[in-house]
Amino acid sequence: MPENPLVPSVATIDRITPETAASDVKTFQVTFDDPAVMERFNYMSGQCAMLSMFGVGESMISITSSPTRRGFLEFSVKRTGRVTDVLHEAVEGQKIGVRGPYGNHFPLEMLKGKNLVFIGGGIGLAPLRSLINNVLDNRKEYGRIDVVYGARSPGDLCFKYEVLENWTKYENAQVHVTVDRGDETWTGPVGFVPAFLEQVNPSPRDAVAVTCGPPIMIKLVLQSLAKLGFTDDQIVTTLEMKMQCGVGKCGRCNVGDKYVCIDGPVFTLSQLKQLPPEF
Amino acid sequence: MLLTITADNLKSLLDKLARDSLLVAPVLEDGVTRLKPVKAASEIALDYSNTATSIKDFLFPQSEDLLRFVTDGTLSIEEIKPERAQVAFGIRPCDLASVALMDKVLTTGEYADTHYQARRKNTVLIGLACESPADTCFCTSYGYNPGHSAGADVMLYKDGDQYLAEALSDKGREVVGGPGEGLFKPADEAAGQAVKKAYAEKEVPFGKEVDVEGIDQLLDNFFDDQYWDDVSKKCLGCGTCTYVCPTCHCFLLTDEARGGEGLRFRCWDSCMFANYTKMAGGHNPRPSKKERVRQRFMHKLNYYPHRYHSYLCTGCGRCVAMCPVGLHIAGVIKDVKGVKAHA
Amino acid sequence: MSATFTDHQAALRDEVKKLLTDGSIKGFIGYARGRDSYHPVPAIVTRPDQVDGLILDQFSIFGLTKYLLDYIFEDGKMGIVVKGCDALGLGRLINDHRVDRNKVHVVGLPCAGVLNGEKVAKLGLGKVQRVTDKGSAFLVEGDKGSKELPKTEYLWDKCLWCENHNPAGADTLLGSEVENVAMKPRDFSDITALEKMPSAERAAFWTRQFSRCIRCYACRNVCPACNCRECVFDIADPRWVGNTVKLSEQQMFHFTRAFHVAGRCVDCGECERVCPMEIPLMKLQRKLQKDVIELFGNPKPFVPSEVEVLGQFRVTEDPEEFM
Ligand code: SF4
Ligand code: SF4
Ligand code: SF4
Ligand code: SF4
Ligand code: SF4
Ligand code: FES
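These figures come from a predicted structure and were not determined experimentally.

Novice: Please clarify how the overall build of chain A should be interpreted in this entry.
Specialist: Scanning chain A for helices and strands turns up nine helices and 14 strands. Here the C-alpha radius of gyration of chain A, 18 Å, is about what a compact globule of 279 residues would show, namely 19 Å. With respect to the three principal axes, the spread of C-alpha positions in chain A is 50 × 45 × 35 Å. Out of the 279 residues in chain A, the part that is buried amounts to 61%.

Shown next, in the form of structure tokens:
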């Protein structure tokens, strides 16, 4: 294990799964080459890791696998810039650098015994997927589960096998999927996530809502949740900022006096409201 | 124990230090005094208020190699450790204080910046009290002063044609007892204390104009104030203020590769640059000068104090002297107090 | 003798107040007091209540025109005060099609030369009370002393050979035009001296200068000729100039910038003046000016024209036969 927290360890991409029809989101299953590093990489749902494409740079990506399923890490990555472009060109067996895990995590203690509403948009489901699988693997400890998920089009839905089949098989778990625009194959609901959420109409009683997605979606989802009667303490979300170090040193990811890399990315809405609106 | 050393003996000591290790000291070149590695005491300038750039350059250099990588088919990463020991001479009290502020960020918390830590461990800081504060100095506003020795391994105070000296750490005692052996003499305790007191009480005129008291709390509810709009318009968005500041520590990581081999560097970055917070997808949470200027001053006077319980500024006055448009922290402190007083 | 800048301060404030109040401009770019009375700083005001913070004094050297780029995507006019040399900078931005002349209200300030605040501050005259133009000197009266300062010693270099004392094409002129003669001929002797240096010595000179550069880009950010939409030094992909501080990268930065403004530089001297590391950037610019004068026969490369010497190519005059 490198002594310097800014130095990554070598890992191998074992499997690459295209998620979307356009292949602009892919899931990379990765293991560290050194088993000791793999063993020590203890993470919690909601945490992130810094992926290195040497010669190009690094990108902070949320871990989408669940810590309940050990032995590998999964990252679902959307092509958005230099680093992710190169990562998308990677092939199975290729080596990359990984360092982490970084940041705080979803507050499992706060979720225990509660009814859970997960609201995701597009690739925003990636961090939630870690949490959802984590919760489902300990099904008895939680109440009713509703997953509300939307994407621009049917082809943009990620993790289809889990969303459309696997998760629906669990007891007292419901998955509600919508798309902004349907196509000839799509028979499900059509509409934006916030309005759809209001239709699904989950009860705020004994519930916690966890939402991730594009900023504009989050903004509207928060309004919808308020309408449904969720208080700020019952809403959990994540922030995304540009990052370089991931360890609270380089200074760029701050929102007010919080560093998103170490104090975030997970915040309750009441915590967020304490911060200056600069994200 | 207080010691004295004559100017000549100090020269011999510096010559020895330059020979045995890397000696960094103030050098006057083309009208600019700045810290530079020197080979002999004769290169060192002693007539300066403070150096244009600070000790930060040598503890947290503007760019440094972190690792070497080879990517042909496989991947190997080799960590690069910072190089040899160094002695820094002529460090002013405000800059000694800045090191403690940097330490809090870079060495405390869950992660330590191992490069910085290694340089810190391998650096001996020889402080030099200020004979003539510049008209931009305001260290006293933060409770420091021209004789403040905290952070020095050895502190020197010019006293007539000799120097009063004090070794303040094990590293400092090693210098005084090692290469300095035979060059120092015990000082008269009472006279020495009087010299220290005179430095500690030396007048810093600009410091009297800048009242920092309570500015952290005043800024708690100042984020949305029109002031940031007004004051930021003149900012050029250059990196001068942040690069010359001894306490600014923003950095970026960057790779340079050629033919399957390369280096990863850490380089200074600046929150005043437009692209600093711009994300890969294009969103920028600090899109204009207003947000960037506000960030710099809020960080120093409000966010950092929240986290680390002191201001991220030592009153060294570099931004006062060097910001091309006079947008500096002393002015902002005065302005904010003025706005609040009229509110 | 002639009026000083301070004599126009009241008129400037009245004009700006009027323009802001009647809505003809949405903001004004001028000067305010800096940390002492020798270092006025730029000030951009948008409300009439801010106007009394605007000053004009004989130390008002800062070339303000580059700020206009901050407003090109907004509606409405900006007002700006320009001296003769600043008008050249404005001309640069207009000729490069970066600033629309119709969106600027230009307040012209005829200028008999600006005092070098850095030099005068060192004289210990204290807070400046009054400056009077005595013809070949300025009388500076401060609260700690007074002194008559010969213009040839205490003006900025560029003021001595300035041939553009009156800003051309202003919308409003403060006072009346001043006599437009250079105090002495443009002086390239320092450049000639550098040219004559043995090359190793010259290389050592420039290495020393460039290795001091902290890459803050203040020089670029103030320069009216450095007005590209996206600067090559900011582009991350491909990264033409690395972030690391190595001599080769520093040289790459300085050579690229120098050549990019060659023939377009208006000789305002702002790059060198704002440089926190006091790198003599004007020696590079003036070397290129000298070359343009000597090689292209353009006697005034610093006066913006529609097409600059290095921006044109006439195939019929091209002595190169290969292509
Ligand atoms: S505050 Fe001054 S030094 Fe800092 S970026 Fe703005 S103009 Fe440059
Ligand atoms: S903010 Fe300015 S005065 Fe304070 S430490 Fe930095 S450079 Fe010095
Ligand atoms: S700010 Fe204070 S400690 Fe720093 S150089 Fe000036 S007088 Fe010395
Ligand atoms: S202003 Fe000076 S130090 Fe800054 S980039 Fe330009 S030449 Fe370098
Ligand atoms: S290069 Fe320097 S002198 Fe020439 S226009 Fe730009 S800032 Fe002015
Ligand atoms: S990413 Fe560097 S401080 Fe957060």
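Novice: Is there a simple way to think about the packing of aromatic side chains in this case?
Specialist: Two aromatic rings, taken as a pair, are described by how far apart their centres are and by the angle between their planes. Residue and element names in this part refer to chain C. Scanning the model with the defined rule gives 24 aromatic pairs over all chains in all. Summarising the aromatic geometry, the rings of tryptophan 206 and phenylalanine 210 are spaced 5.4 Å apart at their centres and angled 25 degrees between planes, so their arrangement reads as stacked. Taken together, the residues tryptophan 206 and phenylalanine 210, both in helix 7 (residues 199–210) and four residues apart, mark about one turn of the helix. An identical accessibility class is assigned to tryptophan 206 and phenylalanine 210; each is buried. Here the aromatic rings of phenylalanine 233 and phenylalanine 253 are separated by 4.8 Å at their centres, their planes lie at 75 degrees, and the arrangement is edge-to-face.

Novice: How should the site of ligand 3 be read in this particular structure?
Specialist: The local shell around ligand 3 consists of Ser49, Asn50, Arg92, Pro93, Cys94, Cys130, Pro133, Cys137, Cys139, Gly315 and Cys316 of chain B. By residue class, the composition of the shell around ligand 3 is seven nonpolar, three polar and one charged.

Novice: Explain the sheet that holds strand 2 (residues 41–45) of chain C to me, please; I cannot follow it from the model alone.
Specialist: Sheets are built from strands that pair by backbone hydrogen bonding, the pairs being arranged parallel or antiparallel. All names here are of chain C. Read from one edge to the other, the open sheet built from five strands follows the order 2-1-3-4-8, with strand pairing classed as mixed. The open sheet terminates on both sides in strands that have one partner only, identified here as strand 2 and strand 8 (172–173). Direction of pairing for strand 3 (residues 78–82) relative to strand 4 (residues 104–108): parallel, over a ladder of five bridges. Within strand 4, the residue paired with valine 82 across the bridge is glycine 108. In this fold helix 1 (residues 9–21) packs onto strand 1 (27–32), strand 2, strand 3, strand 4 and strand 8, with an angle of close to 165 degrees to the strand it touches most, strand 4. Set on the sheet, helix 2 (residues 84–95) makes contact with strand 1, strand 3 and strand 4; between it and strand 3 the angle comes to about 135 degrees.

Novice: Before we go on, may I ask you to explain the nonpolar core in this structure?
Specialist: Where a protein is soluble and globular, its nonpolar side chains tend to be buried together. If you look at the biggest cluster of nonpolar residues, it comprises 188 residues, and the most contacted ones within it are Tyr142 of chain B together with Leu115 of chain C. Setting aside residues up to four positions removed in sequence, tyrosine 142 of chain B forms contacts with Val212, Leu301, Tyr311, Cys313, Thr314, Gly315, Ile329 and Ile333 of chain B.

Novice: Sorry, what's going on with the environment of histidine 115 of chain B here?
Specialist: Inspection of the secondary structure assignment puts histidine 115 of chain B in helix 4 (residues 114–121). In this structure the C-alpha to C-alpha distance between histidine 115 of chain B and proline 82 of chain B, which are 33 residues apart in sequence, comes to 6.1 Å. Sequence-distant contacts of histidine 115 of chain B, that is, excluding residues within four places in its chain, are made with Asn4 of chain A together with Glu64, Asp65, Leu66, Ile80, Lys81, Pro82 and Arg266 of chain B.

Novice: Is there a simple way to think about the sheet that holds strand 7 (residues 115–121) of chain A in this case?
Specialist: All names here are of chain A. Overall, mixed pairing links the six strands, which are arranged 9-8-7-10-11-14 in an open sheet. Each end of this open sheet is capped by a strand with a single partner; those strands are strand 9 (173–179) and strand 14 (266–268). Mean inter-strand twist for the sheet, computed between neighbouring axes without regard to direction, equals 15 degrees. Here strand 7 runs beside strand 10 (residues 207–212); their pairing, made up of six bridges, is parallel. Opposite glycine 120, over in strand 10, you have cysteine 212 as the bridge partner. Of the strands in this sheet, strand 7, strand 10 and strand 11 (235–238) touch helix 7 (residues 215–228), which is tilted by about 165 degrees from strand 10.

Novice: Just checking my understanding: could you explain the interface of chain A and chain B for this structure?
Specialist: When the parts of a complex come together, some accessible area is lost, and that lost area is often taken as the interface size. With 46 residues of chain A at the contact, the number on the chain B side is 45 residues. Its largest share of buried area at the contact with chain B, chain A owes to Phe54, Lys249 and Glu278 of chain A, together 21% of the area lost on that side. Our count for the chain A to chain B interface comes out at six salt bridges. Among the ionic pairs, glutamate 278 of chain A bridges to arginine 294 of chain B, the shortest N-O distance being 3.1 Å. Summed over the shared surface of chain A and chain B, the number is 25 residue pairs in polar contact (both at pLDDT 80 or more). With six residues, the top contributor of residues to the side of chain A that touches chain B is strand 6 (residues 95–102) of chain A. A per-class count over the side of chain A that touches chain B returns 21 nonpolar, 13 polar and 12 charged.

Novice: What is the right way to read the domain arrangement of chain A from this model?
Specialist: Residues and elements named next belong to chain A. For chain A, the assigned domains are domain 1 (9–102) and domain 2 (108–238). Together domain 1 and domain 2 conceal approximately 1,400 Å² of surface at their shared face, both sides included; 46% is due to carbon and sulfur atoms. When the area that domain 1 buries against domain 2 is broken down by residue, the three leading residues are Glu19, Thr64 and Arg69, summing to 33%. Between the two partners, domain 1 and domain 2, sit two salt bridges. With a closest N to O distance of 2.9 Å, arginine 129 and glutamate 74 form a salt bridge. For the pair domain 1 and domain 2, the number of links is 14 residue pairs in polar contact (both at pLDDT 80 or more). When residues in the side of domain 1 that touches domain 2 are grouped by element, the largest group, four residues, is from strand 5 (residues 73–78). Class assignment for the residues of the side of domain 1 that touches domain 2 results in five nonpolar, 10 polar and five charged.

About the thresholds
- Residues numbered from 1 in each chain as written.
- Chains lettered and ligands numbered in written order.
- Predicted model: local features only at pLDDT ≥ 70, side-chain atom pairs only at ≥ 80, totals over all residues.
- Heavy atoms only, no water.
- Helix = DSSP H or I, 4+ residues; strand = E, 2+ residues; numbered from the N terminus.
- Rg over C-alpha atoms; globule rule 2.2 N^0.38 Å.
- Buried < 20%, exposed > 50% of the residue type's maximum accessible area, 1.4 Å probe, protein only.
- Phe/Tyr/Trp six-rings, centres within 6.5 Å; stacked < 30°, edge-to-face > 60°.
- Near = heavy atom within 4 Å.
- Nonpolar A, V, L, I, M, F, W, Y, C, P; charged D, E, K, R; others polar.
- Pairing = 2+ DSSP bridges.
- Contact = heavy atoms within 4.5 Å.
- Axes fitted to C-alpha atoms, helices over the stretch in contact; angles between N-to-C directions.
- Core = buried A, V, L, I, M, F, W, Y, C linked by side-chain atoms within 4.5 Å.
- Buried area = accessible area lost by both parts, 1.4 Å probe.
- Salt bridge = Lys/Arg side-chain N within 4 Å of Asp/Glu carboxyl O.
- Polar contact = N/O pair within 3.5 Å; in protein donor to acceptor, adjacent residues only side chain to side chain.
- Domains from an automatic or database assignment.

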